[in-house]
Amino acid sequence: MSEASPVATVERDRAELLVSVRNVTKTFRQRGGNVQALQRVDLDIGRGEFVSLLGPSGCGKSTLLRIIGGLHEASSGVVTINGLDPDTARAAKQYGLVPQAPALVPWKTLGQNVRFLTGLHRGAAAHPVMSDAEIDGLLETVGLAGFTKAYPHELSGGMQQRASLVRAFALGAPILLMDEPFAALDEITRADMRYLLLDMWGRTNTTVVFVTHSVTEAVILSDRVIMMAARPGRIASDRQIDLPRPRTPEMEDTAEFHETVRMLRADLREFHR
Amino acid sequence: MSMIGTTGVTGGAGRADAMEALGADEPERITGRIGRVRRVLRMAAPVIGLAVFFLAWQYGVKVFDIKKFLLPRPSDILSTLNGDKSFFFRMARTTMWEAFAGFAIAFVAAMVIATFMAHSRFIERAVLPLAVLIQVTPIIAYTPAIVAWQGYGFKSIIVVTALVCFVPFLINGVTGMRSVDANLIELARSVDASKREVFFRLRLPSALPSLFSAARIAVGLALIGAVLGEYFAGSLSGLGYTIKVAQNRRALGLNLWGAIYVLAFIGAAATLLLTVVERVALHWHSSQRE
């Protein structure tokens with residue numbers, strides 16, 4: 001059974017440090033004073049890890065994601081990605097971003113859309129981008145193989161978000177940053193998407209930082225769940241999820257899963273009174 | 001086991017989506033005899049509207065015995081056009097060329113300035129009041145000033161035409177370039193795309209729908225500018241010139257109406273052409289769907 005599954009074939013060396021966040025603080029200036037979005041955040045992420053940032057809105061999880069990705073600048077503290085600062089890593093196309101909305105280019109076909117980011121800032125990537133055959137393979141995996149000539153407005157929301165995932169993977173970037181990518185989908189589509197994402201992640205040696213406000217989503221996807229608390233935004237707990245891989249929908253009915261979810265919910269209650 | 005489960009889910013989702021995708025964009029198919037009648041009616045409606053208007057005109061003039069120099073019948077106007085084909089053709093060519101040149105110059109100038117405005121809020125705020133002034137001041141008021149400055153002839157006409165077309169292109173150009181999905185801009189930033197790439201691959205295509213709207217407005221404005229320019233700039237050719245001459249000699253009411261018909265035809269043809277180009281170029285945009 002497992003030889004049919006490429007999920008098990010990628011060796012993951014979690015000991016190797018990829019992302020290091022040291023003492024990061026972020027203050028936004030606003031009318032009526034400063035808002036402390038992040039206070040003294042420390043976080044290490046190993047290569048190949050799937051890490052979720054979990055917390056209520058306003059806890060700074062999206063801000064932390066964007067600081068890691070070099071899209072926001074930290075007010076103080078140091079972030080390194082494989083020894084590079086985030087801006088340098090961004091210039092070397094080390095990140096694949098998946099925003100909350102699919103954000104496909106409306107005048108390009110799905111086939112062109114999944115290659116759109118690869119075509120921007122061409123020649124900068126210090127890593128091999130996916131070949132056309134590999135991209136077609138991913139499209140096949142997510143059930144979009146027959147739709148490469150379709151335009152975004154001809155696709156459902158779930159299909160668009162799957163294309164957005166493929167677009168990020170197609171970059172071949174070592175780090176994928178996902179900002180609540182499934183939040184806008186209906187519950188049934190969302191459940192499917194989680195396993196599709198795990199499938200794609202299993203085929204590639206990528207590291208995923210996944211922002212979510214769903215406890216069950218964080219548990220079923222992640223190796224580690226970083227719980228964040230608000231006012232000021234900070235890391236409240238950091239828990240290893242020991243469910244075996246590959247994860248399956250059936251696991252959501254196991255006692256182990258429920259126990260993990262219960263623990264995280266207890267954390268949530270403790271930090272969000 | 002898990003793989004089989006996963007691909008199973010995928011396949012199912014794919015099929016459901018396929019049906020959803022097909023159904024999503026196609027309006028409910030109108031079938032049956034009633035459907036066919038409705039489709040034909042929808043196509044025929046504009047033709048019927050125009051036919052009723054012109055027939056009412058034709059027979060209204062006869063029934064109410066309106067003097068020919070006040071309002072000639074459409075049939076008389078058409079036979080005037082037919083009788084002096086080469087004259088009207090020459091006049092139309094002059095006016096079309098002026099209108100087109102002014103339209104094109106306005107477009108290019110507006111796009112250059114709009115690009116700066118879309119990149120800098122300061123420039124945008126600095127230029128906007130000027131654009132509003134150009135727009136709210138009646139062009140006819142400063143046309144004599146332009147003629148005094150540029151002299152009689154083609155140059156003045158082009159300046160007048162370009163000025164009236166300029167503001168719609170400018171405003172819509174800026175709005176369009178700013179209309180890019182913020183998520184797409186952030187995605188471009190996440191791979192460190194250059195400003196140039198963002199401009200040509202995201203901002204410019206995003207501006208197309210609003211630029212087409214501007215072009216529709218500008219077609220009519222360009223014809224106004226050209227006619228007005230000919231009127232003031234001592235032109236000796238063109239449909240504006242034809243109208244001016246006709247106005248000075250009351251008896252030539254038929255030439256006046258001939259020029260009006262030709263102008264209406266040019267405007268309608270240009271608009272139709274724009275619509276066709278727009279339908280092809282903007283097939284992806286929501287404005288092209290029912």
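See the structure shown above.
Below: a short report on this structure. All residue numbers here refer to positions counted from 1 along the written sequence of the relevant chain. Whichever chain is written first becomes A and whichever ligand is written first becomes 1, with later ones labelled in order. For this predicted model, a pLDDT threshold of at least 70 governs which residues receive local features, and a threshold of 80 or more governs which side-chain atom pairs are given and counted, while totals over whole chains, interfaces and linings are taken from all residues.

## Brief notes about the overall build of chain A
Within chain A one finds 9 helices and 9 strands. Along the first, second and third principal axes, the C-alpha set of chain A runs to 50 × 45 × 35 Å. With C-beta atoms placed from the backbone, a residue counts as buried when 20 or more other C-beta atoms lie within 10 Å of its own, as exposed when 12 or fewer do, and as partly exposed for counts between those limits. Residues counted as buried form 47% of the 273 residues belonging to chain A. Counting contacts in chain A only where the partners sit at least 6 residues apart, residues at least 24 apart contribute 74% of the total. Think of it this way: any DSSP run of H or I at least four residues long counts as a helix, any run of E at least two long counts as a strand, and we number them from the N terminus. Residue pairs are scored as contacts if the distance between their C-beta atoms, which are placed from the backbone, is within 7 Å.

## Focus on the sheet that holds strand β9 (residues 234–240) of chain A
The strands that make up a sheet are held in pairs by hydrogen bonds between backbone atoms, and each pair lies either parallel or antiparallel. Residues and elements named next belong to chain A. One open sheet accounts for 6 strands, arranged β5-β6-β7-β3-β8-β9; its pairing is mixed. The sheet is open, and its two edges are formed by β5 (95–98) and β9, each paired on a single side. When the angles between neighbouring strand axes are averaged without regard to direction, this sheet yields 15°. In this sheet, strand β7 (residues 207–212) lies alongside strand β3 (residues 50–54) in parallel orientation, the contact comprising 5 bridges. Bridged to Phe50 within β7 is Val208. At least two bridges found by DSSP between two strands is the condition for calling them paired. Axis definition: a line fit to C-alpha positions, over the contact stretch in the case of helices; interaxial angles, taken between N-to-C directions, run 0 to 180 degrees.

## Let's talk about the nonpolar core
Grouped together as the largest cluster of nonpolar side chains are 84 residues, with contacts concentrated most on A:Ile68, A:Val166, A:Ile175, A:Leu177 and A:Val209. Setting aside residues up to four positions removed in sequence, A:Ile68 forms contacts with A:Val19, A:Val21, A:Val79, A:Pro86, A:Leu177 and A:Val209. B:Ala118, B:Leu163, B:Val227 and B:Ala270 belong to the second-largest nonpolar core, a separate cluster that totals 52 residues. Defined on buried residues, the nonpolar core groups Ala, Val, Leu, Ile, Met, Phe, Trp, Tyr and Cys residues joined through C-beta atoms within 7 Å.

## Concerning helix α11 (residues 253–281) of chain B
Residues and elements named next belong to chain B. Expected span of a helix: the number of residues minus one, times 1.5 Å. In this model, α11 (29 residues) spans 42 Å end to end at C-alpha, consistent with the 42 Å of a helix rising 1.5 Å per residue. Within α11, the full set of buried residues consists of Gly253, Asn255, Leu256, Trp257, Gly258, Ala259, Val262, Leu263, Ala270 and Glu278. Along its buried surface, α11 packs onto α3 (74–83), α4 (85–119), α9 (195–232) and α10 (239–248).

## A word on unusual backbone geometry
Residue and element names in this part refer to chain A. Each neighbour pair has its own omega, and for Arg231 with Pro232 the value is -10°, a cis peptide bond. Looking at the secondary structure, you find Pro232 in the loop between β8 (224–229) and β9. Following Arg245, the chain continues to Pro246 via a peptide bond in cis, the omega torsion being -5°. Among the secondary structure elements, Pro246 is positioned in the loop between β9 and α9 (255–271). Even without a glycine there, the phi angle at Asn82 is positive, about 55°. When you line up the elements, Asn82 lands in the loop between β4 (76–81) and α2 (86–91). Classification of Asn82 by C-beta neighbours within 10 Å gives partly exposed; the count is 18. Notably, Glu180 is not glycine yet its phi reads approximately 45°, a positive angle. Inspection of the secondary structure puts Glu180 in the loop between β6 (175–179) and α7 (187–203). Glu180 gets classed as buried once you count the C-beta atoms within 10 Å, which come to 21.

## Remarks on the pairing of β7(A)
All names here are of chain A. In terms of burial, β7 is a largely internal element, 6 of the 6 residues being buried. Residues Thr207, Val209 and Val211 of β7 are buried on one face, and the alternating residues Val208, Phe210 and Thr212, pointing to the opposite face, are buried as well. Of the pairings in the sheet, the one linking β6 to β7 comprises 5 bridges and is parallel in character. Across the sheet, Asp179 pairs through a bridge with Val211, a residue of β7. Handedness of a crossover: with both strands directed away from the viewer, a clockwise path from the first strand across the helix to the second marks it as right-handed. In the classification by handedness, the crossover that spans β6, the intervening α7 and the parallel β7 is right-handed.

## Description of the sheet that holds strand β2 (residues 33–46) of chain A
Residue and element names in this part refer to chain A. Strands sit in the order β2-β1-β4 across an open sheet of 3 strands; the sheet is antiparallel. Each end of this open sheet is capped by a strand with a single partner; those strands are β2 and β4. Going across the sheet, the axis of each strand differs from the next one's by a mean of 20°, ignoring polarity. Here strand β1 (residues 17–30) pairs with β4 via 5 bridges, running antiparallel. Residue pairing for β4: Ser20 is matched across the bridge by Thr80. Across the face of the sheet, helix α1 (residues 61–68) comes into contact with β1, β2 and β4 while running at roughly 120° to β1.

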